[in-house]
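Chain and residue survey
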Amino acid sequence: MLRITDVRTGESTDAVRARRVLARVQVHLPGTDTSALRVLLVADVLARALELGGTPAVTAADPPAELRARADALGIRRGEAGTVGAGPALHVLAPGDTATEGIRVEVAPVTGTADPALLRMILLATPRREPVDLAAVDLEGARETLARWRKAVATWATRPSKPVPEAVRQELRAAWEDDLDVPAVLDVLRRVESAEDVPYGARFETYAYADRLLGLELTRDIGSVL
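This is a predicted model, so every value here is computed, not measured. (Residues numbered from 1 in each chain as written. Predicted model: local features only at pLDDT ≥ 70, side-chain atom pairs only at ≥ 80, totals over all residues. Heavy atoms only, no water.)

1. Details of the pattern of salt bridges
- Evaluated as defined, the whole model comprises 19 salt bridges.
- Across the pair Arg-3 and Asp-14 runs a salt bridge, and its minimum N-O distance is 2.7 Å. Linking Arg-3 in strand 1 (residues 3-6) with Asp-14 in strand 2 (residues 11-14), this pair joins segments that are 11 residues apart in sequence.
- On the basis of relative accessible area, Asp-14 is assigned to the partly exposed category, the value being 34%.
- Across the pair Glu-166 and Arg-169 runs a salt bridge whose closest N-O atoms are separated by 3.9 Å. Here Glu-166 pairs with Arg-169, and both are found in helix 5 (residues 166-177), just 3 residues apart, close to one helical turn.
- The partly exposed category is assigned to Glu-166, whose relative accessible area is 45%.
- Overlapping salt bridges, with partners in common, bring together Asp-44, Arg-48, Glu-51, Arg-77 and Arg-120 in one network. (Salt bridge = Lys/Arg side-chain N within 4 Å of Asp/Glu carboxyl O. Helix = DSSP H or I, 4+ residues; strand = E, 2+ residues; numbered from the N terminus. Buried < 20%, exposed > 50% of the residue type's maximum accessible area, 1.4 Å probe, protein only.)

Written out as structure tokens, the structure reads:
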């Protein structure tokens, strides 16, 4: 069960009261800049985590056209306009914003600019409550990692398929169910990348499984490696 820190209380709490009941992820945009884009991204990943845990989720977000286009470029799934559904929600918001009910999931601001092709990877690699200064980020490191992973996944896809090792699956789930710790998910992938006890086919399935949360298009280059 996904547990999340509610900034209203500072305590970790169950993200939803019961599985299989539609959860509402309500987005509160602080503007139209990259900080707002990060709020949309966290809401997207939160909804993905809920769905992977068996809870259907709907994202309530209606960004202006320019921000919507930037979100599309990052692979952020489109939400429903306005407030969808009644009852408590998971509110994804910037520091200092408020919500009348439900759990508040806080997202720190972003400053600077970066290649849009790398922005999702960069933002996922930093805990959501830590500010991001894009001028201080290792952009080339992010570019190299993303390209290497996509190439590796395309290569592993040509090998006999093997299931995700249960220990690895549990490690991934433990990471994202612990306050949506996406950097820890990325750490698991780094270890699996060169783990001698994980067959190539199992590495492929592991990355494909994790990408259901990450949305980094890690399987994008399948078929391009001979």
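2. Things to note about the nonpolar core
- Within the largest apolar cluster, 70 residues are counted, with the highest numbers of intra-cluster contacts made by Leu-46, Leu-50, Val-92 and Leu-214.
- It is helix 1 (residues 34-52) that provides the largest number of residues to this core, a total of 13 residues.
- Aside from chain neighbours lying at most four places away, what touches Leu-46 is Leu-2, Ile-4, Val-25, Leu-90, Val-92, Val-105 and Leu-180. (Core = buried A, V, L, I, M, F, W, Y, C linked by side-chain atoms within 4.5 Å. Contact = heavy atoms within 4.5 Å.)

3. Remarks on the sheet that holds strand 4 (residues 57-60)
- Spatially, 4 strands are ordered 4-3-5-6 in an open sheet, and the strand pairing comes out parallel. Here the strands that pair on one side only, and so sit at the sheet edges, are strand 4 and strand 6 (103-106). Neighbour to neighbour, the strand axes of the sheet diverge by 25° on average, direction disregarded.
- Both strand 3 (residues 23-27) and strand 5 (residues 90-93) contribute to a ladder of 3 bridges, which runs parallel. If you follow Gln-26 over to strand 5, its bridge partner there is His-91.
- Sitting on the sheet, helix 1 is in contact with strand 3, strand 4, strand 5 and strand 6, with an inclination near 175° to strand 3. (Pairing = 2+ DSSP bridges. Axes fitted to C-alpha atoms, helices over the stretch in contact; angles between N-to-C directions.)

4. Brief notes about helix 7 (residues 200-214)
- With 15 residues, helix 7 extends 20 Å from end C-alpha to end C-alpha; this agrees with the ideal 21 Å at 1.5 Å per step.
- Most of helix 7 sits inside the fold, with 11 of its 15 residues counted as buried.
- Listed as buried for helix 7 are Gly-201, Ala-202, Arg-203, Phe-204, Thr-206, Tyr-207, Tyr-209, Ala-210, Asp-211, Leu-213 and Leu-214.
- Lining the buried residues of helix 7 we find helix 1, helix 3 (116-124), helix 4 (139-156), helix 5 and helix 6 (182-193).
- Once helix 7 ends, the next one or two residues include Gly-215, with phi positive near 65°. (Expected span 1.5 Å × (residues − 1).)

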